[in-house]
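Here's the letter readout for the chains.
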Amino acid sequence: MGNIYNKIVRFKNILNAWYEFKKDKRNKQDVLEFEYNLEENVFNLQNALLQKAYQPSGYKKFYIKDPKMRLIHKATVTDRLIHHLVSGYLEKIFEPEFITHSYSSRKNKGTNKAVLTLQGMANAVSNRNQKLCWVLKLDIKQFFASVNHQILINLLSHKISDEDFLNLLQKIIHSFPSKGIPIGNLTSQYFANIYLNELDIFITKQLRIPFYIRYADDFVILSENKQYLLDLITKIEEFLKSKLDLSLHPQKVTLRKFRSGIDFLGYIIFPNHILPRTKTKRRLVKKIKERINQYKNGEIDKEKLEATINSYLGYLGHASTHNFKKELISMIRSKLEIQ
């Protein structure tokens with residue numbers, strides 16, 4: 001796909017990317033500072049792109065707990081604007097290549113659909129719990145920190161013929177140390193799906209496995225044959241190592257009966273019901289309390305608060321959580337002092 005770079009450098013397209021980027025960041029200090037001289041900053045960025053002189057800046061590092069500790073690398077506003085600018089084109093180019101059952105960072109996908117699809121697949125394999133269904137759950141060890149830059153660039157070059165666009169993507173990739181991609185970058189979500197699409201194709205096309213779901217670096221394979229699944233582990237490990245320079249997390253390879261409940265994406269999935277993990281419920285309460293405090297302190301507006309609450313309630317929508325949702329709504333009303 002050629003001619004992309006000429007579109008990227010247009011002032012209108014950079015400006016549109018800015019408005020998309022700033023939607024949920026209106027009160028962030030660095031965003032406000034950029035917007036104060038918006039026209040000048042966009043012109044300067046456009047000129048740097050036109051002259052092919054743009055170079056990414058460094059990253060600000062910090063940890064978040066979500067739910068485990070993660071090291072986040074935050075790029076400058078200018079660099080994050082570039083990430084927004086290129087991500088739309090990455091989506092257009094690569095989205096048609098992705099398998100149906102890849103659920104992370106894609107429109108009309110997400111955790112809810114991944115969980116419901118897993119339950120539906122498992123019920124199909126088990127004939128509605130009439131026979132055994134085994135679920136092999138796998139996780140890639142330190143995926144984001146392990147992405148091989150050259151392999152990623154090669155995968156991008158297979159679909160992108162525009163050399164200027166490819167060079168810009170290489171600058172973004174090489175803005176990080178010699179290996180890995182930063183969790184904080186929007187582009188990393190797209191790079192992750194492009195990289196792991198190779199695994200998806202290997203499993204679904206080469207191994208011809210019909211019951212497979214992936215969400216980011218977590219994936220599951222279902223079968224009524226336990227030994228068949230055990231034999232797959234070595235094949236997958238060998239593929240990851242030889243083709244993608246990755247490895248499985250040895251402590252996160254599990255094989256369980258579906259009827260005993262499958263722990264996936266914060267839920268325990270059973271044949272006839274789905275329960276959120278206790279840790280998931282605690283995390284939701286904590287995050288909602290944080291959002292309410294931000295609203296009270298004027299850091300976010302009412303629209304953002306309502307969107308967050310609706311999102312979390314929607315997250316629980318398909319699970320058996322009637323009592324928990326009632327408690328959550330009561331807590332929200334109490335915190336907001338709604339009579």
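Residues numbered from 1 in each chain as written. Predicted model: local features only at pLDDT ≥ 70, side-chain atom pairs only at ≥ 80, totals over all residues. Heavy atoms only, no water.

### Thoughts on the packing of helix 2 (residues 11-21) against helix 5 (residues 77-94)
The relative placement of two packed helices is expressed as an angle between their axes plus a distance between the axes.
Move 1: In the contact formed by helix 2 and helix 5, the axes pass within 9 Å of each other and the chain directions differ by 105°. Considered as vectors, helix 2 and helix 5 are oriented roughly perpendicular to each other. Only Val77, Arg80, Leu81, His84, Leu85 and Tyr89 of helix 5 make contact with helix 2, whose side of the interface consists of Asn13, Ile14, Ala17, Trp18, Glu20 and Phe21.
Move 2: Each residue belonging to the contact of helix 2 with helix 5 can be placed in one class, and the counts come to 8 nonpolar, 2 polar and 2 charged. (Axes fitted to C-alpha atoms, helices over the stretch in contact; angles between N-to-C directions. Helix = DSSP H or I, 4+ residues; strand = E, 2+ residues; numbered from the N terminus. Parallel < 35°, antiparallel > 145°, perpendicular 65-115°, else oblique. Contact = heavy atoms within 4.5 Å. Nonpolar A, V, L, I, M, F, W, Y, C, P; charged D, E, K, R; others polar.)

### Focus on helix 4 (residues 38-50)
Move 1: For helix 4, with 13 residues, the first-to-last C-alpha span of 18 Å sits near the 18 Å given by 1.5 Å per residue.
Move 2: If you check which residues of helix 4 are buried, you get Leu38, Val42, Leu45, Gln46 and Leu49. Summarising the axial view, the buried residues of helix 4 lie within an arc of 100°, below the 170-degree limit, and thus occupy one face.
Move 3: Of the surrounding secondary structure, the elements contacted by the buried residues of helix 4 are helix 1 (4-8), helix 2, helix 3 (29-36), helix 5 and helix 9 (163-174).
Move 4: In the stretch just after helix 4, Lys52 is the one whose phi turns positive, near 60°. (Expected span 1.5 Å × (residues − 1). Buried < 20%, exposed > 50% of the residue type's maximum accessible area, 1.4 Å probe, protein only. Arc of directions from axis to C-beta.)

### Details of the sheet that holds strand 4 (residues 212-215)
Move 1: Within the open sheet, the 4 strands sit side by side as 4-5-3-6. Their pairing is antiparallel. Edge positions in the open sheet fall to strand 4 and strand 6 (254-257), since each of these has one partner strand only. Across the sheet, the mean angle from the axis of one strand to that of its neighbour is 20°, orientation sign disregarded.
Move 2: The sheet contact formed by strand 3 (residues 134-139) and strand 6 spans 4 bridges and is antiparallel. Bridge assignment links Leu136 to a residue of strand 6, and that residue is Leu255.
Move 3: Taken strand by strand, helix 6 (residues 111-125) contacts strand 4 and strand 5 (218-223), and its axis lies near 165° from that of strand 4. (Pairing = 2+ DSSP bridges.)

### A closer look at the packing of aromatic side chains
Move 1: Throughout the structure, instances matching the rule amount to 9 aromatic pairs.
Move 2: Pairing Phe11 with Phe43 gives two aromatic rings, centres 4.6 Å apart and planes at 35°, and the pair type is tilted. One end of the pair, Phe11, is in helix 2; the other, Phe43, is in helix 4, with 32 residues separating them in the sequence.
Move 3: For Phe43, a relative accessible area of 36% puts it in the partly exposed group.
Move 4: Between Trp18 and Phe21, the aromatic rings sit 5.6 Å apart at their centres with planes inclined by 45°, giving tilted as the arrangement. Of the two residues, Trp18 and Phe21 both sit in helix 2, 3 residues apart, roughly one turn of that helix.
Move 5: Joined through ring pairs, the aromatic side chains of Trp18, Phe21 and Phe34 make up one cluster. (Phe/Tyr/Trp six-rings, centres within 6.5 Å; stacked < 30°, edge-to-face > 60°.)

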